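Tertiary structure, described
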Amino acid sequence: MIFYASMAVAGWLLLVGLYGIVTSRHLMHLCLCLTVLQSATYVMLTGIGNRRGASAPVYAGGVPTSAPVVDPVVQALMLTDIVVEATVVALLLAITLQVQKKTGSTDPDNVSVMKG
């Protein structure tokens, strides 16, 4: 049940992010919509890695064989996803600032092709 609910929320976030990207009239808004779109992957990975009654995969004295644990690979993928998103958003915001400085506008339709 939790899996299907998390997939529904991830799908909703994906659609909201895509709608915002398509209808965006400001580069800053476009960056924020991309973060909403990316957050859909967090919810999806959380739903995939969830196991009822499972604990965190932290072992103090050996590996117990009977206790169910959450898959640590999914947790590592989510952390990697967060780092990649933070890097991409920082780069996009820096590009947005440079576009605004050079062209005086952040509307994607008003920004002409920039020359190096």
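Please refer to the structure placed before this passage.
Attention in this report is confined to the structure presented alongside it. (Residues numbered from 1 in each chain as written. Predicted model: local features only at pLDDT ≥ 70, side-chain atom pairs only at ≥ 80, totals over all residues. Heavy atoms only, no water.)

This part covers the side chain of S105. Looking at the secondary structure, you find S105 in the segment after α3 (72–103). Discounting residues that sit within four places of it in the chain, S105 has contacts with V99, Q100, N110 and V111. (Helix = DSSP H or I, 4+ residues; strand = E, 2+ residues; numbered from the N terminus. Contact = heavy atoms within 4.5 Å.)

A few words on helix α1 (residues 2–23). Each turn of an α-helix holds 3.6 residues, which means side chains three or four residues apart point in the same direction. Helix length check: α1, at 22 residues, gives a terminal C-alpha distance of 32 Å against a target of 32 Å (1.5 Å per residue), a fit within 8%. Listed as buried for α1 are S6, A10, L13, G17 and G20. In an axial view of α1, the angular spread of the buried residues amounts to 90 degrees, which keeps them on one side of the axis. Away from its buried face by more than 90 degrees, α1 exposes Y4, W12, L15, Y19 and V22. Next to the buried residues of α1 lie α2 (27–49). (Expected span 1.5 Å × (residues − 1). Buried < 20%, exposed > 50% of the residue type's maximum accessible area, 1.4 Å probe, protein only. Arc of directions from axis to C-beta.)

Turning to the packing of aromatic side chains, a few remarks are in order. How two aromatic rings sit relative to each other is set out by the distance from centre to centre and by the angle between their planes. Applying the stated criterion to the full structure yields one aromatic pair. With a centroid separation of 5.5 Å and 75 degrees between ring planes, the pair formed by F3 and Y4 is classed as edge-to-face. Given a relative accessible area of 37%, F3 falls into the partly exposed group. (Phe/Tyr/Trp six-rings, centres within 6.5 Å; stacked < 30°, edge-to-face > 60°.)

The geometry of α1 relative to α2 is characterised by a closest axis approach of 8 Å and an angle of 165 degrees between their N-to-C directions. Taken together, the axis directions place α1 and α2 in an arrangement best described as roughly antiparallel. For the pair α1 and α2, the sense of crossing is left-handed. In contact with F3, S6, M7, V9, A10, L13, L14, V16, G17, L18, G20 and I21 of α1, α2 contributes H29, L30, C33, L34, V36, L37, S39, A40, V43, M44, G47 and I48. (Axes fitted to C-alpha atoms, helices over the stretch in contact; angles between N-to-C directions. Parallel < 35°, antiparallel > 145°, perpendicular 65-115°, else oblique. Left-handed = near helix turned anticlockwise from the far one by under 90°.)

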